[in-house]
Structures are given as structure tokens and as C-alpha cells.
Amino acid sequence: MNKVVGACGCICSDCHIFEVKCMGCHAIEGKECEEIPCEKFWMNKNPNWTDEQHKKIVEDRTALLKELANTRNYFIKAISDPKSKSNITNSILRKLPDWFGIEEAIIEYVDKVKDTIFYAAFDHDKPIGFLSLKVNNEYTSEIYVMGIIKEYHNRGIGRDLVERAISYLTKNNYKFLMVKTLGESHPDKNYKGTREFYSKLGFYPIEEIKEIWGEHNPCLIMIKGL
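This one's a predicted model, so the numbers in the text were calculated from it and none came from an experiment.

Asker: Please explain the overall build of the protein chain as it appears in this structure.
Answerer: Broken down by element type, the protein chain carries six helices and seven strands. Taken from the N to the C terminus, the helices and strands of the protein chain come in the order α-α-β-α-α-β-β-β-α-β-α-β-β. Burial status across the protein chain gives 42% buried among its 226 residues. Of all intrachain contacts in the protein chain linking residues separated by at least 6 positions in sequence, the fraction that spans at least 24 positions is 61%. If you sum the accessible surface of the protein chain, you get close to 13200 Å²; carbon and sulfur atoms cover 52% of it.

Laid out in C-alpha cells, this is it:
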């Protein structure tokens, strides 16, 4: 799993309260600290380090953060407001007609994401992708719907969204993450890429079922152990 690095230099994803009691500083409007290194860097000193070692570590951490800020042009944050969840979902799904071309399905997604765990990726203030996560039972959660604007594909955004979801689930003791996608018996090339994406993230195909979405839209269930 990719590390989530806070603006203060702490590794948020290694913390037991991250996404449980604390969403990390990336959740605060996606803004980074203006003062780097700040006082927290200097105060957080291992007693076994010399002053010279501590100074070097702070300098290295600062350089890493600045490098990350220069190379990563998006950020991910958790969304709690139901209206914002719906607006982001509606905006992005309508830009993805090759995957979401059925109006009734879009309307249903836009409504039902309100009650899900929701992460969105932003390029500055512009939402460019999202992942909606629903809980099926005490052991299993499901990627309810996920979408990334096409021009932002192949930048690692989808992987980062899934890993944020996995981080939340593992901290809350879930055992499995599943996803439903179009089955292999359907020739659609876009969903072939979708299946390959999930396979690379460790999801395995379990069963293709035609009764869920109908004869012409076979549903493939894929699952990943956490």
C-alpha cells in the first residue's frame, strides 16, 4: 500500500487512528502547510539522535515533501457531505459515457452514494475521480461505484483511491473487499481494461452472474482479501 504522507512529515497511513479518528491534514481542503519545516518537525526528536542527526533527518524529510508536492498534481480527501457526494458522482459519471451510458443507472448511483463512505480526487478545486464504498456486512465491503475522468487515467489515481479505501477497511477489521464489473463474456474493451486494473490490485474473479444486470450485461464479482 502506498504511504499517505502528511504535510507535517508524519506517515499518516502508519497511524492507528488515521481514517478512524483523524483524516489527516490532506483532508483539510487538500492544503499543505505553508511553513515547511514547521515547529513540529523540530519538536519530534528521537532521544537517541544527536542534534546533527536530527537536523539531517528534518532536512531529508523536508526535501521529500517538497518533491512529492512538485510531482503529484492531485490530492485525495474523504467527503462526508451527502450533497457533495452526489454532485461529484453526477459530474464525473456523465463524463464517462463509455462506462456509464445508462441514465437510470447514473440516477441510482447519484442517489445511493449519499449513504456510502466516499473518497474524491481533486486537481486543485476540480473533482477528477471518486470511489464510493459500501458495507455489506461485518466482514465484507464493496466498491459500489468508482470513476475517474478519462484524461486523468493511467496516473495512479485509481490505485490511490482503492488504497485509501483499503486503509479504512483494514483499520476497521474488515476481511474482504469486493467489486462488481462487466464480465469477461462481454466484448466491451473498456471494461476489459477495468478488469485488468482490478486484477493488478489483487482482486480475483469469483463468478460471472447474468441475473444481476441482465442477460446482455453479465456481472463479474471480483474479491480481494484484506
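Okay, back to it.
Asker: Would you mind showing me how to read unusual backbone geometry here?
Answerer: Among all residues except glycine, the phi angle is most often negative; among peptide bonds, the trans geometry is most common. Although it is not a glycine, Asn 154 sits at a positive phi angle of roughly 65°. Relative to the helices and strands, Asn 154 is located in the loop between strand E4 (140-148) and helix H5 (157-171).

Asker: Sorry if this is basic, but what is going on with the nonpolar core here?
Answerer: The tendency in soluble globular proteins is for nonpolar side chains to be buried side by side. Ile 143 and Phe 203 are the most contacted members of the largest nonpolar core, which has 47 residues in total. For this core, the element with the most residues is H5, which contributes seven residues. Apart from residues lying up to four places away in sequence, Phe 203 is in contact with Ile 143, Val 162, Leu 177, Met 178, Val 179, Tyr 198, Met 222, Ile 223 and Lys 224.

Asker: Can you walk me through the sheet that holds strand E7 (residues 219-225) in this structure?
Answerer: Backbone-to-backbone hydrogen bonds join strands into a sheet, with any given pair of strands oriented parallel or antiparallel. Strands sit in the order E1-E2-E3-E4-E5-E7-E6 across an open sheet of seven strands; the sheet is mixed. Edge strands, defined here as strands with exactly one partner in the open sheet, are strand E1 (75-79) and strand E6 (204-209). Recorded for the sheet is a direction-independent mean angle of 25° between the axes of neighbouring strands. Two strands pair when backbone bridges link them, and strand E3 (residues 126-135) and E4 are joined in this way by seven bridges, in the antiparallel orientation. Paired with Leu 131 across the two strands is Met 146, which belongs to E4. Where H5 meets the sheet, its contacts fall on E1, strand E2 (117-123), E3, E4, strand E5 (176-182) and E7, and the angle it forms with E3 comes to roughly 35°.

Asker: Got a minute to help me understand the pairing of E2 in this structure?
Answerer: Within a regular strand, the side chains alternate between the two sheet faces. Counting buried positions along E2 gives six out of seven residues, so the element sits mostly inside the fold. Once E2 ends, the chain turns through two residues before running back antiparallel as E3, passing His 124 with a positive phi of about 60°.

Asker: Please clarify how the environment of Lys 189 should be interpreted in this entry.
Answerer: Note on placement: Lys 189 falls in helix H6 (residues 189-200). Taking the C-alpha atoms as reference, Lys 189 lies 9.6 Å from Asp 98; in sequence the two are 91 residues apart.

Asker: Looking at this structure, how should I read the packing of aromatic side chains?
Answerer: The description of an aromatic ring pair uses the distance of the two centres, along with the angle that the planes make with each other. Applying the stated criterion to the full structure yields six aromatic pairs. With centroids separated by 5.4 Å and ring planes inclined at 15°, the aromatic side chains of Phe 75 and Phe 122 adopt a geometry described as stacked. Here Phe 122 lies in strand E2 and Phe 75 lies in strand E1, a separation of 47 residues in the sequence. Looking at Phe 75, the relative accessible area reads 14%, which means it is buried. We classify Phe 122 as buried; its relative accessible area is 10%. When the ring of Tyr 198 is compared with that of Phe 203, the centres are 5.2 Å apart and the planes differ by 70°; the resulting orientation is edge-to-face. For the pair formed by Tyr 198 and Phe 203, the shared burial category is buried. Connected via pairs of aromatic rings, a cluster forms that spans Phe 100, Tyr 109 and Tyr 144. In this structure, Lys 77 packs its charged tip against the face of Phe 122, placed 5.9 Å from the ring centre.

Asker: Honestly, the pattern of salt bridges in this entry has me stumped. Any pointers?
Answerer: When their charged atoms lie close together, side chains carrying opposite charge are able to pair. This model, assessed by the stated rule, comprises eight salt bridges. Lys 150 serves as the salt-bridge partner of Asp 98, at 3.4 Å between the closest nitrogen and oxygen. Taken together, the residues span a long stretch of sequence, with Asp 98 in the loop between helix H3 (82-93) and helix H4 (103-112) and Lys 150 in the loop between E4 and H5 at a distance of 52 residues. When the shortest N-O distance is used, the salt bridge between Lys 210 and Glu 215 registers 3.6 Å.

Rules of the game
- Residues numbered from 1 in each chain as written.
- Predicted model: local features only at pLDDT ≥ 70, side-chain atom pairs only at ≥ 80, totals over all residues.
- Heavy atoms only, no water.
- Helix = DSSP H or I, 4+ residues; strand = E, 2+ residues; numbered from the N terminus.
- Buried < 20%, exposed > 50% of the residue type's maximum accessible area, 1.4 Å probe, protein only.
- Contact = heavy atoms within 4.5 Å.
- Areas by Shrake-Rupley, 256 points an atom, 1.4 Å probe, with all protein chains shown as cover.
- Core = buried A, V, L, I, M, F, W, Y, C linked by side-chain atoms within 4.5 Å.
- Pairing = 2+ DSSP bridges.
- Axes fitted to C-alpha atoms, helices over the stretch in contact; angles between N-to-C directions.
- Phe/Tyr/Trp six-rings, centres within 6.5 Å; stacked < 30°, edge-to-face > 60°.
- Lys NZ or Arg CZ within 6 Å of the ring centre and 35° of its normal.
- Salt bridge = Lys/Arg side-chain N within 4 Å of Asp/Glu carboxyl O.

Just distances and angles here, no functional claims.
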